[in-house]
Amino acid sequence: KSSKREWKPLEDHSCTDVPWLLLFILFCIGMGFICGFSIATGAAARLLSGYDSYGNICGQKNVKVEGIVNSGLDLTHKKYVFFLDPCNIDLAHQKIKSIALCVSACPRKELKTLADIQKFAETNGSTLCSYELQPSEYTADPRAAKLCPKYPVPESAPIPFFHRCAPVNISCYAKFAEALITFVSDSSVLHRLISGVMTSKEIIMGLCLLSLVLSMILMVIIRYISRVLVWILTILVILGSLGGTGVLWWLYAKQRISAGALETQVAKDNLQALLIYAIAATVFTVILFLIMLIMRKRVALTIALFHVAGKVFIHLPLLVFQPFWTFFVLILFWTYWIAVLLFLGTTGSPVPNEEGFVEFRMAGPLKYMWWYHIVGLIWISEFILACQQMTVAGAVVTYYFTREKRNLPFTPILASVNRLVCYHLGTVAKGSFIITLVKIPRMILMYIHTQLKGKENACARCMLKACICCLWCLEKCLTYLNQNAYTATAINSTNFCTSAKDAFVILVENALRVAAINTVGDFMLFLGKVLIVCSTGLAGIMLLNYQRDYTIWVLPLIIVCLFAFLVAHCFLSIYEMVVDVLFLCFAIDTKYNDGSPGREFYMDKVLMEFVENSRKSMKEAGRGGGAEGRELKPM
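Attention in this report is confined to the structure presented alongside it. Quick caveat, the model's predicted, so the values are computed rather than measured.

### Observations concerning the environment of Asn-495
- Following the sequence through the fold, Asn-495 ends up in the loop between helix 14 (458-492) and helix 15 (496-509).
- Separated by 477 residues in sequence, Asn-495 and Val-18 place their C-alpha atoms 9.2 Å apart.
- Those residues in contact with Asn-495, other than ones at most four positions away along the chain, are Thr-16, Asp-17 and Thr-489.
- From its side chain, Asn-495 meets the backbone nitrogen of Thr-498 in a polar contact 2.9 Å long.

Here is the structure:
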């Protein structure tokens, strides 16, 4: 019934899915309760000021804990937490296996003997041994071997805002990383990788900035020269892939010739890395050429599609900045979530452990707040991303269904945000909750698969992977359907289920066009991402090549390429979103309007040409036939 009713784009505005908005507000209140509870129970003070192994909070007077000898001390003048063995990290329980004390100052230079520790205490008034030892007893008392720090004591400095003494030397962190990265059998390799990142940090930052600039330039090119963009991208990707592969093989040959004169371990590692990179680049180039050969007949369709989307960006330039505010809001929420997570880590009542020290643990139903907090991370993150999708959909819908483009609102983006806040937050909450319901089981299965790695049989491992893969595919399908449901909601102010059903009917009726547009459009946007990554990676190879004799640039190059891909994906995903919204608007326009008086088309001349060109392309490809004539009425 809903598919036969008359659509009135942008004429009727009503609140949608209000119960889901109320449910989402109640859930957020629960998230706030968790934060308030952790702060009220002293977790914020323990997190920021730090506490020792006896339950004393540094920098204040404390209350005695029953059964703990050194608890209840006045540590007003001892504001920093100092670990006797800061590099002894227990990854299984996510904590430092060391006695923690409150001290008045961190050792700013290395202390090699007990005499140096005693001299530091007498000079600075900061006792680094346990509270029951006086500085004069450090060298005479036999208990000092257990109650004083492991020496040499590394140089350390307080962490800003958190009052913890952290070692300045990176070797301690390298040992921590060695425990995390289990595939590195030789610890010296990891030390050289980390030193390579630290040596090349300026180059890494410069290349990350370059990827951001290239992404912005690509968005400008899409806006102004969309008709020639496809050919430009195709030629540049061909030249870039060939050039990158050729440069890698040239560098490999050059370094192999000069390897006899320089037999250092760094040079050998770089030579091996170059060979792996060159082989991978060659395989990638061959696969890329084969895909481009298959897709060459659909280039004309993509040119017309990109031209229409580029015209939208000309009228709505603020769409380019959508990734910035979305990323900013996500960063703010993730910062809050991590802070509350850290509060939860120090929440609870002091309980003596088997070693005679104090741990803070929650008892009863409160210990399940972790799960509520994790669900909140997924749901609210998906809610923020869905708000971006609804905002973009609302702005593009306003552009499409406004017959006179000069009558567009001054800022369609802000008008779309206003409609979202006033009418459609419940729809966004419901759509994001559906994605959360699929994402949580997939994450649980991934966690089980990780924990059982090497223990389960081949059949169980295969079943787990199949379930994870199916849930991932379901999540992607629901995400695509949600995006089109948001577009239908922006057009006609219907609730989520009605909008999803209407959008699904439209997409099924235009299945051939959906397949063609998504395939070709996504492929061309993928080429844009490849272009940015190849350009940034090539610049990184040329810059890091000057440091090849003393720096391993495998890890820096990987970091730069990953960052470049993420930046390109954030920008071009907005373009992809605009294309999808435009197509759904176009399909609705052609289904419910026929060009007769009172039922005129909303589309402009450029989109009309796009329809005709796409028809011809599909007929030439042999994929139109009778179904093509039934999909859309003749113009």
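### Brief notes about the state of the cysteines
- For the coordinates displayed, the defined rule picks out three disulfides.
- Note on cysteine connectivity: Cys-129 is disulfide-linked to Cys-148, with sulfurs 1.9 Å apart. On the S-S bond that ties Cys-129 to Cys-148, the torsion sits near 110°, and the link is right-handed. Separated by 19 residues along the polypeptide, Cys-129 in the loop between helix 3 (114-124) and helix 4 (144-147) and Cys-148 in the loop between helix 4 and strand 5 (156-158) bring together distant segments of the chain.
- Judged by its relative accessible area of 0%, Cys-129 is buried.

### Things to note about helix 1 (residues 18-40)
- Taking 1.5 Å of rise per residue, 23 residues should cover 33 Å, and helix 1 covers 33 Å from first to last C-alpha, within 8% of that figure.
- Among all positions of helix 1, only Phe-24, Phe-27, Gly-30, Met-31, Ile-34, Cys-35 and Ser-38 are buried.

### So, the environment of Val-340
- Relative to the elements of secondary structure, Val-340 occurs in helix 11 (residues 322-345).
- Note: C-alpha distance between Val-340 and Met-31 (309 residues apart in sequence) is 9.3 Å.
- Once residues within four sequence positions are removed from consideration, Val-340 is found in contact with Ile-34, Cys-35 and His-373.

### Re the nonpolar core
- In this structure, Leu-319, Tyr-575 and Val-578 are the most contacted members of the largest nonpolar core, which totals 78 residues.
- By residue number, the principal contributor to this core is helix 17 (residues 554-592), which donates 19 residues.
- Dropping the residues within four chain positions of it, Val-578 is found in contact with Ala-309, Val-312, Phe-313, Leu-319, Val-392 and Val-396.
- Judged by nonpolar contacts, the second largest core, of 33 residues, contains Val-65, Cys-102, Leu-147 and Phe-360.

Cut-offs used in this document
In this convention, every chain numbers its residues from 1, walking through the sequence in written order. Totals for whole chains, interfaces and linings use every residue, but because this is a predicted model, local features are given only for residues with pLDDT of at least 70 and side-chain atom pairs only at 80 or more, for both listing and counting. Side-chain metrics rest on all non-hydrogen atoms present in the structure, leaving aside hydrogens and water. In DSSP terms, a helix is any run of H or I states spanning at least four residues, a strand is any run of E spanning at least two, and both are numbered starting from the N terminus. For this analysis, residues touch if any pair of their heavy atoms sits within 4.5 Å. Identification of polar contacts relies on pairs of N or O atoms within 3.5 Å, with a donor-acceptor requirement for protein atoms, meaning one able to donate a hydrogen and the other able to accept it, and with residues adjacent in sequence counted only if both atoms are side-chain atoms. The criterion for a disulfide is a pair of cysteine sulfur atoms lying within 2.5 Å. The classification of residues rests on relative accessible area computed with a 1.4 Å probe and restricted to protein chains. Under 20% of the type maximum is buried, over 50% is exposed, and intermediate values are partly exposed. Every helix has an expected span of 1.5 Å times one less than the residues it contains. Put simply, buried Ala, Val, Leu, Ile, Met, Phe, Trp, Tyr and Cys residues joined by side-chain atoms within 4.5 Å make one nonpolar core.

Structural measurements only, silent on function.
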